[in-house]
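Take a look at the letters that make up each chain.
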Amino acid sequence: AQRVTQPEKLLSVFKGAPVELKCNYSYSGSPELFWYVQYSRQRLQLLLRHISRESIKGFTADLNKGETSFHLKKPFAQEEDSAMYYCALSGTTDSWGKLQFGAGTQVVVTP
Amino acid sequence: DTAVSQTPKYLVTQMGNDKSIKCEQNLGHDTMYWYKQDSKKFLKIMFSYNNKELIINETVPNRFSPKSPDKAHLNLHINSLELGDSAVYFCASSQVGGGNYGYTFGSGTRLTVV
């Protein structure tokens, strides 16, 4: 069974400080991993896909298969980064792109 | 031009009523989904359709019935609404095959059952 764990419900950081959101997963095969962001009362938006290895809005995430982790990082947090962040996994052998989401981490960036 | 649009945005209704939420995507994606976001912001898949065919049906009460008239539309009908159905319902679409490119989500429908 696949599972995504985000251990932090809430992360409060100061503007300009580094931020790291933890995500661990459980999947027997080779997963596809994503980070989604949801700003207050808005739709979820795709932030990162692990296979694209790009940096969006200063965020990066590296897939560590040994530790089964896909932590999201940003060196200098901005107030506009305050949002809900979801880590998500899609199994490459399961059906039809079903995304399993973690419970989410609420990030609050204070000035 | 909105890629995935849901209507209505807000829905307040009494217990026992039947209601529908509509979803349309203009991205040409072949797979559509319904997710439920509860009061703790947890997201859980409910259904998925691929080219009008039901492919994922999680443990959702029979009162929830999805309908896909064509691959650009996936509607959700809910019978005999209960208080516990209050949540935000998100529609999403994706192009699956050759990898998962991620979902495009609608803006959500906030359902409140009173």
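Everything here concerns the structure above.
Bear in mind the structure is a predicted one, so any value in this text is a computation, not a measurement.

Asks: An account of the sheet that holds strand β3 (residues 19–25) of chain B is needed here, citing residue identities and associated values.
Replies: Residue and element names in this part refer to chain B. The antiparallel open sheet is built from four strands, whose spatial order is β1-β3-β8-β7. The two strands at the open ends of the sheet, each matched to only one other strand, are β1 (4–7) and β7 (64–67). Going across the sheet, the axis of each strand differs from the next one's by a mean of 15°, ignoring polarity. Bridge count between β3 and strand β8 (residues 75–78): three bridges; the pairing is antiparallel. The residue bridging S20 from the neighbouring strand is H77, located in β8.

Asks: Can you lay out the packing of aromatic side chains for me, pointing to particular residues and giving the numbers?
Replies: Within the structure shown, the criterion is met by 14 aromatic pairs over all chains. Ring geometry for B:Y33 against B:Y35: centres 6.5 Å apart, planes inclined by 50°, an arrangement best described as tilted. Given a relative accessible area of 0%, B:Y35 falls into the buried group. Taken together, A:F34, A:Y36, A:Y86, A:F101, B:Y33, B:Y35, B:F90, B:Y103 and B:F105 form an aromatic cluster joined through their ring pairs.

Asks: Give a detailed account of the state of the cysteines, specifying residues and quantitative values.
Replies: Overall, the coordinates contain two disulfides over all chains when judged by the stated rule. Sulfur-sulfur distance for the disulfide between A:C23 and A:C87 comes to 2.0 Å. Taking the sign of the S-S torsion, about -65° here, the bridge from A:C23 to A:C87 comes out left-handed. One end of the pair, A:C23, is in the loop between β3 (19–21) and β4 (24–26); the other, A:C87, is in strand β9 (residues 83–91), and 64 residues separate them in sequence. Taking the relative accessible area as the measure of exposure, A:C23 reaches 0% and is therefore buried. Exposure remark for A:C87: the relative accessible area of 0% places this residue in the buried category. With a sulfur-sulfur separation of 1.9 Å, B:C23 is cross-linked through a disulfide to B:C91. Given an S-S torsion of about -80°, the disulfide between B:C23 and B:C91 has left-handed geometry.

Rules of the game
Residues numbered from 1 in each chain as written. Chains lettered and ligands numbered in written order. Predicted model: local features only at pLDDT ≥ 70, side-chain atom pairs only at ≥ 80, totals over all residues. Heavy atoms only, no water. Pairing = 2+ DSSP bridges. Helix = DSSP H or I, 4+ residues; strand = E, 2+ residues; numbered from the N terminus. Axes fitted to C-alpha atoms, helices over the stretch in contact; angles between N-to-C directions. Phe/Tyr/Trp six-rings, centres within 6.5 Å; stacked < 30°, edge-to-face > 60°. Buried < 20%, exposed > 50% of the residue type's maximum accessible area, 1.4 Å probe, protein only. Disulfide = S-S within 2.5 Å.

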